Structures are given as C-alpha cells and as structure tokens.
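So the chains spell out like this:
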Amino acid sequence: MNDAGMPAWLARAIVNGLLIALAALSVAPLLWMLAVSLMQPGEASAFPPPLLPASPTLHNYAELFSRMGMGRYLLNSFLISTLVTAIAVLLNTLAGYAFAKLAFAGRERVFRLLLAALVIPAQVSMMPLFLMLKQMGLINSYAGAVVPGMAGIFGIFLVRQYARSIPDELLEAPRIDGAGEWRIFFQIVLPVLRPILVTLAIFSFLGAWNDFMWPLIVLSDDSLQTLPVALASLSREHVQDNEMMMAGSVVTVVPVLLLFLALQRYYLQGLLVGSVKG
Amino acid sequence: MKPSTAGWVFAAPALSVIGVFFAVPVLAALALSLTDFDIYSLAHIENLRFVAFDNYLNLLRNPLFWSALGNTLYFVAVGVPLSIAVSLGAALLLHSRLAWFKPLFRTAFFAPVVTTVVAVAVIWRYLLHTRYGLINWGLAQLGIDPVDWLGDPDWAMPAIILFAVWKNFGYNMIIFLAGLQAIPEDLYEAARIDGASPARQFRHITLPILGPVLLMVSILTLAGYFQLFAEPYVITQGGPLQSTVSVLYLMYEEGFKWWNLGNASAVAFLLFVLMTATTSALMWIARRKGVE
C-alpha cells in the first residue's frame, strides 16, 4: 500500500493506462491521416469510417504531384524555409553573441527595448509591411516571404542566453595575440555555439515551414505558394476528396515531424532556454 | 576593429532587419489606423484621408467586430484553462515515478505541436465530419447522438477548442515537466512522513513552487490563443453564422479581402491593447497573490 491507500500495482496501472490513452489520442489523428492517404478515392466517405485501407495505393500522391502541382509547393516551402533558416541563423547568432559578449554603447538599453517588443503580435505590422513590400516590388516573390523572418528577437535572445556561458579568457587570449573580431567569431565562438545553432536552425525552419498567415498574404500567385497555403486553398476546392487531402497533409507534416524526431533533444532544450530561464 | 565597434557591427544586421521589417511597420500601423486607407488609396495615394479615430469608432459600432471579439474571448476563456489543465495533467503523469517509457510518451504528446496547423486542421475537419467522422462514430458507440460539430453555431467553437488543445498541450507540458523536475524530492519526503495525501502534497508543495512557471505559461498561452486565425480559416471559414470569426480573421478579411487596410490596422491595434491589458491584469493578480 502506498500513501494514496491503493495497491502499488493499481496506481501503476492507472498512471500508465492514462499515459497510453493520452498518447493514443495525440498520435491517432496522425496515423489515421497516413492510413486515409493510402485509400482509394471515395473509400473514406463511409460509415463507420475505415481505419485501414482495403488495398493501399499511392494514387492520391501521384494525383497530387501530377495534377495539383504539389512538387512545386514542396519546392517553394523548402526554398523559403531554407533561406529563412540560413539567414536567420547567421544574423541572430552575430547579434546574440554581440549582446552577450561584446560591450558596446547602448547595448543594455537596446536589448531591453527588444525584450519589450516581444509582446507586440506580428500581425500588427502586417498591413504596413505589405504596403512597404509592394513599394519595393517584393509582393509575390520569395523575397517577400523571406524578409520578415530574416532576424528575430527570440532567436537573438536564445543565442545570447547560451553565449553568456563562454568564458571571457577564451576571447581575450586571441585578442592579445592580435586576432581580429571576425576571426574570433568564426574560429572560436561559432564552434562553441554549435549546439544552440542547431536549436536555432530547427526553430527557424519549423517556424518558416509551418507559417501560414504571412505567406497567405504575400504570395497570391499560385506558382509561388507554400505547402500550407496551397493545402488550405486545395482543401476549400476539394472538400470531398478526403483521401487526396490527407495525402497533402502527409506531405506537409512529415518533413517537420522527421526533423523534430531526429533532433528533438536540441529542440526541447531550446524551448526551455526560451521560456523557463526567461 | 575594437570589441565595442565589433559589437555594433555584429548586432547591426539583425537590428536593421527588425527595425525595417518590424518596428517601422508597427509604428506605421498606428498611423495607418488613423486613415481611411482602402483599395482606392492602394491605386492612388492621393485618395488617402486622415480620419482620426473614425476607424476605431466604426469598429465599436460594428456588430461583426463585437461578435469576433466575443468568439475570440470565448476561445481564450475556455481554451487557455483547458489547455493548461491538460498540459499540467500530462506533465504530472510523465513525472510520476510509476510511469514507464517516459521519452516515448513525451515524444508522442509533443508530436502534434510541431505539425503544420493547416495540415492537421484538414485532418480534424474530417474527424469532426457529421456523417462519417470518427468522433461522431465514437460517440455513437457510447450511445450519443451525432453532433453537427462544424454546422451548428453552438458546437463550432467547442470543436475548434478541442482541436487547439490537442495541437498545443505538448508545448506547455514540456515547460511544466522542467518545472516539476526542479522541485526538490525531500519536500515530498517530509510531507509523506507527516502523512500528507498526494492531493495535499499537490496543493501545498507542487502548485506553490510551480507558481511562477504557471504564470509564465498562462501568459504565453493567452498571447498565443488571442491570435486565433488558421484554425477557423481552414476548418470552418468563420462559419457557421460567423460563430468562429475571430478578431484576426476579421483583420485578415478587412485588410486582405476587402483591402480596408486602415480599418484592419485598427483591428490589429485593438487586439494588441486587449492582449496587453489581459496579460498585465494576470501579472497584477499574480503579484498580489505573491507569485513572482
């Protein structure tokens, strides 16, 4: 008997039973998406809903890529997310390191200003940003989708938190030996920061890949749309084609799920740096 | 280059991007919200007029704005506590000494968080289908009549809340889990020796120590839930009977469907004010209760 007054095996069964139930609820919709995506057209519109395809087929995927231009959307999503990630990692790392380790005039004040700006939702900036990019001729271009994501306060904060742990001696020694600041950054700082760079890269990539509202606004040309935008408009037109829409969801979700599964240690660690220690 | 010069040089690119593509637009939005910027101004800037607070006053007289606000507050008021409760429950289960396969469960709970909201909304729209959705099938097994989840104005928002909680609870769970792991085990040890039940241990040890984490999670979740947009856009398109039009949905339609950008900026600012007021109120209450 434990302190709850029930036998240990019962407590253990309850805890693990609840965990299994919750895990099933979390994952079931995703597994079912995969199952339906492999069904024949129309097969899923039955009651009770079939759980597994009677004769699995890749027909829906073939249809998506050949007729719906899914390859193009996939490419757009990859291009935009990769560009955002590459630029954001570079700019945020430079700034995060500067805020952590390089004393410059006004540093603290600027940083406090940045933190205060965190409470402003991005949507407030969207209308003027749209007009601005229109002036610059960047509406309906990859650049228009990329520019707002090129640097971010959260990313700077993430790098700064981590970079503060770099010992000053590590930077002072090469300075005395006459090494320039760029050289110190690339040869000493970057290697030390590698774990947080992976974290930042995952965050940037997932954020860009999963973003919906801004690409929806800025990319109206069909040929430039990202996966979420294309999927949303396809699903409005093809409400009845459940099997094909599930295949579209699989194509949209699987890359980020795989990325997360492969690198979850870094992702979860970044989540905690960004929140608990805030 | 001196380190102090290098500091500015290194910080400048990121700061310029944030300045040009965020700070300036935010300030411009305030100005824009005081004008009647619409499709005519988009064609010819001379058509732009300064209207002072007219956009705001018109919004406050617009029934659709009030229903969008009501829908958003409904989503926040029900969704945030529910989402936090599920997150905390999951974290407590995962933290339990009795749990098996913790990393496996943690990954399963977190998987929905990293998925693309549009893609999983497509799945849920199907799960919630009145005639052949799995959810109604499950309810039928329990002898409950089918619910017209997405066609009934009374059920559409609960359906979206259900979806949002499923999608998001894993995020806060990770933060709670870290908070729970930071609580020293000997506090529970001492409480057990004094004969405190698990429920009392939770109330008098876990909750008070978790207080700051709970506050932070509440603020983050509030801010996130106020920004409801993609879910109604994909699942219900604001319907039925505009029961799922959120404030941001309204902003999107005003701005990028009707091209009333002045009006849309006013909507965005009102949302921002509302979010700031709510989170400040929460912090004020927390401070009075002694949670730092």
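Just so it is clear, the structure is predicted and the values come from calculations on it, not from any experiment. (Residues numbered from 1 in each chain as written. Chains lettered and ligands numbered in written order. Predicted model: local features only at pLDDT ≥ 70, side-chain atom pairs only at ≥ 80, totals over all residues. Heavy atoms only, no water.)

Describing the overall build of chain A
Using the following cut-off: Elements are defined by DSSP. Helices are runs of H or I of four residues or more, strands are runs of E of two residues or more, and each kind is numbered from the N terminus. To get the radius of gyration, use the C-alpha atoms; to get the globule rule, take the number of residues to the power 0.38 and multiply by 2.2 Å. Per-residue and other accessible areas follow the Shrake-Rupley method at a 1.4 Å probe size, with only the shown protein chains counted as cover for residues. Residues counted as positive are Lys and Arg, residues counted as negative are Asp and Glu, and His and the chain ends are not counted. Here the site of a charge means atom NZ of a Lys, CZ of an Arg, CG of an Asp or CD of a Glu.
Of the regular secondary structure elements, chain A holds twelve helices and zero strands. Reading chain A from its N end, one meets helices and strands in the order α-α-α-α-α-α-α-α-α-α-α-α. For chain A, whose C-alpha radius of gyration is 24 Å, the value lies well above the compact-globule estimate of 19 Å for 278 residues. As presented, chain A carries roughly 12100 Å² of accessible surface, and 66% of it is formed by carbon and sulfur atoms. Across chain A, the mean location of the 16 positive side-chain charges is 10 Å away from that of the 15 negative side-chain charges.

Notes on unusual backbone geometry
The line we're drawing: For the exposure calls, accessible area comes from a 1.4 Å probe over protein chains only, and a residue counts as buried if that area is under 20% of its type's maximum, exposed if over 50%, partly exposed in between.
The amide bond that connects Gly239(B) to the next residue, Pro240(B), takes the cis arrangement and shows omega of -10°. If you check the backbone angles, Asn140(A) has positive phi at about 60° while not being a glycine. Tracing the backbone shows Asn140(A) in the loop between helix 5 (126-135) and helix 6 (142-146). A positive phi is found at Trp259(B), a non-glycine position, where the angle reads about 60°. Tracing the sequence through the fold places Trp259(B) in the loop between helix 12 (247-257) and helix 13 (261-288). Assessed through its relative accessible area of 22%, Trp259(B) is described here as partly exposed.

A word on the interface of chain B and chain A
Test applied: Residue contacts are defined here by distance: any two heavy atoms, one from each residue, within 4.5 Å place the two residues in contact. A quick way to say it: buried area is the sum, across both parts, of accessible area lost when two parts are put together, with a 1.4 Å probe. Any carboxyl oxygen of Asp or Glu that lies within 4 Å of a side-chain nitrogen of Lys or Arg is treated as forming a salt bridge with it. Pairs of N or O atoms are called polar contacts if they sit within 3.5 Å, as long as, within protein, a hydrogen donor faces a hydrogen acceptor (for residues adjacent in sequence, only side-chain-to-side-chain pairs). Put simply, Ala, Val, Leu, Ile, Met, Phe, Trp, Tyr, Cys and Pro go in the nonpolar bin, Asp, Glu, Lys and Arg in the charged bin, and everything else, Gly too, in the polar bin.
In this complex, chain B contributes 85 residues to the contact, which on the side of chain A involves 98 residues. With both chains or domains summed, chain B and chain A bury close to 8200 Å², and 81% of this area falls on carbon and sulfur atoms. Applying the counting rule to chain B against chain A returns zero salt bridges. Linking chain B to chain A there are 13 residue pairs in polar contact (both at pLDDT 80 or more). Among the elements that line the side of chain B that touches chain A, the one with the most residues is helix 1 (residues 3-32) of chain B, at 21 residues. Here the residues of the side of chain B that touches chain A are counted per class, giving 70 nonpolar, ten polar and five charged.

A short note on the side chain of Glu43(A)
For Glu43(A), the location among the structural elements is in the loop between helix 1 (8-37) and helix 2 (59-67). Every residue in contact with Glu43(A), bar those within four places of it in the chain, is listed here: Pro50(A), Leu52(A), Pro53(A), Ala54(A) and Glu243(A).

Some words on a nonpolar patch on the surface
To keep things clear, this is the line we draw: For patch building, the residue pool is restricted to those with more than 30% relative accessible area and no salt bridge; the joining distance is 9 Å between like charges and 5 Å between nonpolar side chains (Val, Leu, Ile, Met, Phe, Trp, Tyr).
Among the surface-exposed residues, Leu90(A), Trp182(A), Phe186(A), Met1(B) and Val9(B) lie close enough to one another that they form a single nonpolar patch of about 470 Å² accessible area. Among the secondary structure elements, Trp182(A) is positioned in helix 9 (residues 181-210).

Here we look at the UniProt feature "transmembrane region" (unreviewed entry) in chain B
Inclusion rule: UniProt positions are given in the numbering used here, feature names are shortened, and annotations may be inferred rather than shown by experiment.
Feature annotation in UniProt assigns "transmembrane region" (unreviewed entry) to the following positions: residues 7-32, 73-95, 107-127, 155-183, 204-226 and 266-286 of chain B. End-to-end, the C-alpha atoms of residues 107-127 of chain B are 23 Å apart, and along that stretch the chain is 90% helix and 0% strand.

Topic: the UniProt feature "domain: ABC transmembrane type-1" (unreviewed entry) in chain A
Here, the residues flagged by UniProt with the feature "domain: ABC transmembrane type-1" (unreviewed entry) are residues 74-263 of chain A. Helix makes up 75% of residues 74-263 of chain A and strand makes up 0%, while its end C-alpha atoms are separated by 21 Å.

Things to note about the UniProt feature "domain: ABC transmembrane type-1" (unreviewed entry) in chain B
UniProt's entry tags residues 69-280 of chain B with the feature "domain: ABC transmembrane type-1" (unreviewed entry), counted in the numbering of this structure. For residues 69-280 of chain B, helix accounts for 77% and strand for 0%, while the C-alpha atoms at its two ends are 19 Å apart.

Describing the environment of Gly149(A)
All names here are of chain A. Positionally, Gly 149 belongs in the loop between helix 6 and helix 7 (153-163). Along the primary structure Gly 149 and Ala 208 are separated by 59 residues, whereas in three dimensions their C-alpha atoms are 7.5 Å apart. Once residues lying within four places of it in the same chain are set aside, the contact partners of Gly 149 are Val 84 and Ala 88.

Concerning the pattern of salt bridges
Once the charged atoms of two side chains with opposite charge are near each other, the side chains can pair. Residue and element names in this part refer to chain A. In total, this model carries nine salt bridges over all chains according to the counting rule given. A salt bridge links Asp 168 to Lys 101; the shortest N-O distance between them is 3.0 Å. Of the two residues, Asp 168 is situated in helix 8 (residues 168-176) and Lys 101 in helix 3 (residues 70-101); the sequence distance between them amounts to 67 residues. By relative accessible area, which is 42% here, Asp 168 ends up partly exposed. If you follow the salt bridges from partner to partner, you end up with Glu 172, Arg 175 and Glu 181 in one network.

Here we look at the packing of helix 11 (residues 227-237) of chain A against helix 6 (residues 117-127) of chain B
The packing of two helices is summarised by the inter-axis angle and the distance between the axes. Our working rule: Axis angles are defined between N-to-C directions and span 0 to 180 degrees, where every axis is a line fitted to C-alpha atoms and, for a helix, only to the segment in contact. Note that the term roughly parallel is reserved for angles under 35 degrees, roughly antiparallel for angles over 145, roughly perpendicular for angles of 65 to 115, and oblique for everything else.
Viewed as axis vectors pointing N to C, helix 11 of chain A and helix 6 of chain B meet at an angle of 25°, and their least axial separation amounts to 9 Å. With respect to each other, helix 11 of chain A and helix 6 of chain B are oriented roughly parallel. Contact residues: helix 11 of chain A offers Pro228(A), Leu231(A), Ala232(A) and Ser235(A), while helix 6 of chain B offers Val118(B), Ala119(B), Val122(B) and Arg125(B). Its residues assigned to classes, the contact of helix 11 of chain A with helix 6 of chain B comprises six nonpolar, one polar and one charged.

Quick look at the confidence of the model for chain B
Residue and element names in this part refer to chain B. Here is the rule: Confidence of the predictor in every single residue is expressed as pLDDT, which spans 0 to 100.
Looking at chain B as a whole, the pLDDT averages 93, with 99% of positions reaching at least 70. Within chain B, helix 2 (residues 39-43) has the poorest average pLDDT of any element, 87, and helix 4 (residues 63-95) the best, 97. For this predicted complex, the interface confidence reaches an ipTM of 0.92, while the overall pTM sits at 0.93.

So, the UniProt feature "transmembrane region" (unreviewed entry) in chain A
Residues and elements named next belong to chain A. UniProt tags residues 73-99, 111-133, 139-163, 184-209 and 244-263 as "transmembrane region" (unreviewed entry). The span residues 139-163 shows a helical share of 64% and a strand share of 0%, and its end C-alpha atoms are spaced 36 Å apart. Spanning residues 184-209, this segment combines 100% helix with 0% strand, and its end C-alpha atoms are found 33 Å apart.

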